[in-house]
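Descriptive analysis of the structure
The primary structure of each chain is shown beneath.
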Amino acid sequence: MNAPQEWHAAAAQVPDSAPAWPPASEVISALKTVLPAHALLWSHEDTTPYECDGLTAYRQRPLAVALPESESQVEAVLKVCHRLGVPVVARGAGTGLSGGAMPHAHGVTLSLAKFNRIIDIDPVGRTATVQCGVRNLAISEAAAPWGLYYAPDPSSQIACTIGGNVAENSGGVHCLKYGLTLHNVLSVRGFTAEGEPLQLGGRSLDAAGLDLLSVVVGSEGMLAVVTEVCVKLIPKPPVARCIMASFDDIRMAGNAVAAIIAAGIIPAGLEMMDKPMIAAVEDFVHAGYDLNAQAILLCESDGTPQEVTEEIWRMQEVLTAQGCTRLEISKDEAQRLKFWSGRKNAFPASGRISPDYMCMDSTIPRKRLADILLAIAQMEERYGLRCANVFHAGDGNLHPLILFDANDPDQLRRCELFGADILETSVQMGGTVTGEHGVGVEKLNSMCVQFSPEEREQMMALKAAFDPKRLLNPGKVVPTLQRCAEYGKMHVRGGLLPHPQLPRF
Amino acid sequence: MQDADAALDRIVQQVREAAHARTALQICGHGTKAFYGNAQEATPLSTEDLRGITAYEPSELVVSVRAGTPVHELESVLAQQGQWLAFEPPRLGSAPDRSGTVGGMVASALSGPGRAQAGSVRDFVLGCTVVNGRAQVLHFGGQVMKNVAGYDVSRLMAGSLGILGVLSEVSLKVLPHPVATATVRMSASQAEALERMNAWGGQPWPISATAWWEGTLVVRLSGAQAAVQDAQERLGGEAVDAQLAQAFWQGLRDHRDEYFVAAQARLSQGERLWRLSVPSTCLPLDLPGDTLIEWGGAQRWLCTDAPVQRVREVAQSAGGHACVFRGDPPADGVFAPLPAALQKIHRQLKAAFDPEGIFNPGRLYPDL
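Keep in mind the model is a prediction, meaning the values are calculated, not measured.

Of the regular secondary structure elements, chain B holds 12 helices and 17 strands. For 368 residues, the compact-globule estimate of 2.2 N^0.38 gives 21 Å, and chain B sits close to it at 21 Å. Overall, the C-alpha framework of chain B stretches about 60 × 50 × 40 Å when taken along its three principal axes. Among the 368 residues that make up chain B, the fraction classed as buried is 56%. By sequence separation, contacts in chain B at least 24 residues apart represent 70% of the contacts at least 6 residues apart.

Structure follows, in structure tokens:
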């Protein structure tokens, strides 16, 4: 959501037992002993820039912002905070879309922006060891001289950091073939909530003991603070080509996606846009999108020239058999990038046609694609708001952009209902409330729908195993029993909500 | 369906009673991996009645399957749709229809020849149902590729050797079987083989498996027909007959290759079969014994009489770890000891899932 607002009630999560916070003056004077003066901010004008991340609707100034410059300073800050019982919210570039880096009113925001050094590129072992504040794209740029790159490519890759990617288990448009952050990270180094050094994973393909790395990746900064990451680099495919195919029926487009996978093809990218989105992006980038289409598919193949020729031919056969109304294959790199330009600019294009938009992020089984799009069309009428859809069709990850005007409180209210409805419908269809943006504060309520009280308790116990005092990014990801009770939802799995027509806020 | 539901009810009941009485349980399927990890004596809890595929939609690339289902059964269903488990889990034991269950496959997290390129068991786990030590039936993850709702508990289960709970069902990503495959072999010293494996790994070639033993380097290519052919020409070496190649990779995968047979025979002479997981670029390790290399250099099997401490030190200083895969177990356990900070998290995690300490005590580490 990009609607600026003061503190929002939906974001507040009161713990089941509210701890007593130490006075701000005590926290700041303790931090002053471990940080240089320029690395500690606490006046309102200095901490205000940190009051939100990419989810700007939820804002909260932290007690203080620490900007450590070395691992020993991170360790010292964590030890101070642990001793005093002060929450710590780690922060990368602040591009997250679910409020995962939203500060805690009584906590310290730990900005890791200064950890921006590439430590080592090993072209033979095909790994990059970088500090957590290195930007995603900077890794691929540093590896490029050896024909290598880092595969996960979230849309924000020019700005987002690898530390943030680890926290969110970020995806991108190529993860069906190349995997998520989890599949491309070999090890992380950092600290526990107590300030004890920690290394998970290694340069080897597995590590002794439980696979803690796989649970720390995607834990939204709630289990450990990561300062250094070692990632896999893979050979850059020499060729990439893209097919743009139009369909005059959403269901046929959905079937074509299933048919490509059923034919044994794993495309490098498989994206879909619906008609409202096509209109919005074409008006913005003029890429020559088919304005008559109900849906456009972008199907990319990458690899050696032989592989790509073979795969493009096979995909073309499938798409034609599935009844596409127009099909174009990129002739060169310029045209391929042009095909992608609209998809990559879906968010700014939506920003041009509406004062505000809220981006959702659910995942559904691919076969339910047409069903959810038709359900969303009905919701547009129910809530009186428009919605444009982009879709990582290959892996079932849907990004509906609900268009609204935040200056109209009723539109904001209807938008939130609309969003919650999409998430709950996704869960009913066998999907999940967040595919790649994370829970943060935004989807806490939806977690009550997806998980039972026992499952949420188990997750809370897991957190406590890493962070017994629950000081790392408290209040995110897992909603408290009390909050879910207030949300007033019955737990639903695979069934229908009771009284689906009733508003529940 | 009803049988499986009743079986799950029985397991929940057994867990509840064991937790109440604080008696240890030993989770078992076919028992083909009973040798793996530290030995234990406890009341068996069988998952064998949790059988069957609950959902499989080939175009979704996802299968959901109960934990007691034989891997062999799952694989034949996938094969009918031209799909497979790309991490190539080993099928151990002598009876083909009792060569391991899905639960054991996930809990042990052993992967086969394709691991370096395709990923490990945990990379393919999308969701699971687990009975924790409070006898609660919990679902984590799901049946979709991208899912960041809550902590990724289902992937934590991979390789946990049953110490956190009883897996009752898992959802796995599956992949289409590659269109074309070819295998070549060539002579190479260990050092040459390691150098080549790493150099080739940096090329956009469809190398899907590598193995080196006794001066021979074997490479498998899998992918589009044209790409496999092209890479085969670039690699050189001698093409291996398709049937022979398939038998070789299967033997390697299922530990029936002559290397493993010979290693098994030497266990009685006091040697141990170690699995060393190290960075692929590590030079030949300074250890005596017979070495087989897989995973582009990242997995090294070693049959040796070298002292435990020596093997562990060499693996650790190389940036990896070593475990006694078969043979006489060291007093402090078969897996590499953990640093203190990790030990603490392990203990606390164990308590978070299994507060009474009933599941597979000692199997992963003596104090867990």
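Let's pick the thread back up.
All names here are of chain A. The strand order S1-S2-S4-S3 describes an open sheet built from four strands, whose pairing is mixed. Every interior strand has two partners, whereas the edge strands, strand S1 (40-41) and strand S3 (88-91), have only one. With two bridges connecting them, S1 and strand S2 (residues 64-66) associate as antiparallel partners. Within S2, the position partnered with Leu40 by the bridge is Ala66. Sheet strands touched by helix H1 (residues 24-32): S1 and S2. Its angle to S2, the strand with the most contacts, is close to 15°. Against the sheet, helix H3 (residues 71-84) engages S2, S3 and strand S4 (108-111), with an angle of about 165° to S4.

A:Ile296, A:Leu297, A:Ile402 and B:Val106 are the most contacted members of the largest nonpolar core, which has 268 residues in total. The contact partners of A:Ile296, leaving out residues within four places of it in the chain, are A:Met244, A:Ala245, A:Ser246, A:Met272, A:Met273, A:Ile278, A:Tyr289 and A:Asp290.

Taken together, the contacts link 79 residues of chain A with 69 residues of chain B. When contributions to the side of chain A that touches chain B are tallied by element, the ones reaching two or more residues are helix H6 (175-178), strand S9 (197-201), helix H8 (212-216), helix H9 (250-262), helix H11 (305-321), helix H16 (444-450) and helix H17 (453-466) of chain A. No other element matches the nine residues that H17(A) contributes to the side of chain A that touches chain B. Its residues assigned to classes, the side of chain A that touches chain B shows 36 nonpolar, 28 polar and 15 charged.

All names here are of chain A. Where H9 contacts helix H14 (residues 369-383), the axes come no closer than 8 Å and their chain directions differ by 150°. As summarised for this structure, H9 and H14 are arranged roughly antiparallel, according to the angle between their axes. Both H9 and H14 take part in a crossing whose hand is right-handed. Contacts between H9 and H14 involve Ile250, Arg251, Gly254 and Val257 on the former and, on the latter, Leu369, Ala370 and Leu373. Along the lines of polarity and charge, the residues of the contact of H9 with H14 split into five nonpolar, one polar and one charged.

Right, let's talk about the sheet that holds strand S17 (residues 386-392) of chain A for a bit. Residue and element names in this part refer to chain A. What the seven strands build is an open sheet, ordered S15-S12-S14-S13-S17-S18-S16; its pairing is antiparallel. Of all strands in the sheet, those with a lone pairing partner are strand S15 (326-329) and strand S16 (356-359), marking the two edges. Mean inter-strand twist for the sheet, computed between neighbouring axes without regard to direction, equals 15°. Bridge count for strand S12 (residues 239-247) against strand S14 (residues 295-303) is nine bridges, and the pairing is antiparallel. Counterpart to Cys242 in the pairing with S14 is Glu300. Lying on the sheet, helix H12 (residues 333-344) is in contact with S12, strand S13 (269-274), S14 and S17; it crosses S12 at an angle near 55°. Its contacts with the sheet put helix H15 (residues 409-428) on S16 and strand S18 (397-404), and the angle it makes with S18 is roughly 165°.

Attention now goes to the pairing of strand S8 (residues 185-191) of chain A. Each regular strand displays side chains that alternate between the two surfaces of the sheet. Residues and elements named next belong to chain A. Across the seven residues of S8, five count as buried, placing the element largely inside the fold. Inspection of the sheet shows S8 paired to strand S10 (residues 225-232) by six bridges, in the antiparallel sense. Residue pairing for S10: Val185 is matched across the bridge by Val231. Where S8 lies against S9, five bridges are found, and the strand directions are antiparallel.

Structurally, the α-helix is built with 3.6 residues per turn, so residues lying three or four positions apart point the same way. Residue and element names in this part refer to chain B. Along helix H2 (residues 71-80), the positions that sit buried rather than exposed are Val71, Leu74 and Leu78. Around the axis of H2, the buried residues are gathered within 65° of arc, so they sit on the same side. In H2, the exposed positions angled more than 90 degrees off the buried face are occupied by Ser76, Ala79 and Gln80. Among the structural elements, strand S3 (53-57), strand S4 (62-66), strand S5 (83-84) and helix H3 (102-108) are those in contact with the buried residues of H2.

Parameters and conventions
Throughout this document, residue positions are counted from 1 along each chain, in the order its sequence is written. Each chain is given a letter, starting from A, and each ligand a number, starting from 1, according to the order in which they appear as written. Reporting of local features is limited, given that this is a predicted model, to residues whose pLDDT is at least 70; pairs of side-chain atoms are given and counted only at 80 or more, and all residues count toward the totals for whole chains, interfaces and linings. Under the scheme used here, helices are H or I runs from DSSP no shorter than 4 residues and strands are E runs no shorter than 2 residues, and both carry numbers assigned from the N terminus. Radius of gyration here is computed from C-alpha atoms only, and the compact-globule reference equals 2.2 Å multiplied by the residue count raised to the power 0.38. Residue burial is a threshold on neighbouring C-beta atoms within 10 Å of the residue's own C-beta, all placed from the backbone, with 20 or more meaning buried, 12 or fewer meaning exposed, and counts in between meaning partly exposed. Residue pairs qualify as contacts under a 7 Å threshold applied to their C-beta atoms, which are placed from the backbone. The pairing criterion is simple: DSSP has to find at least two bridges between the two strands. Note on geometry: axes are C-alpha line fits, over the in-contact stretch for helices, and angles between N-to-C directions span 0 to 180 degrees. Core membership is restricted to buried Ala, Val, Leu, Ile, Met, Phe, Trp, Tyr and Cys residues, and these are joined into a nonpolar core through C-beta atoms within 7 Å. Charged residues are taken to be Asp, Glu, Lys and Arg, nonpolar residues to be Ala, Val, Leu, Ile, Met, Phe, Trp, Tyr, Cys and Pro, and polar residues to be all remaining types, Gly included. Here the word oblique covers every angle except those under 35 degrees (roughly parallel), over 145 (roughly antiparallel) and from 65 to 115 (roughly perpendicular). Handedness of a crossing follows from how the near helix is turned relative to the far one, being left-handed for an anticlockwise turn of less than a right angle and right-handed for a clockwise one. For this quantity, the arc is that covered by the directions from the helix axis to the C-beta atoms.

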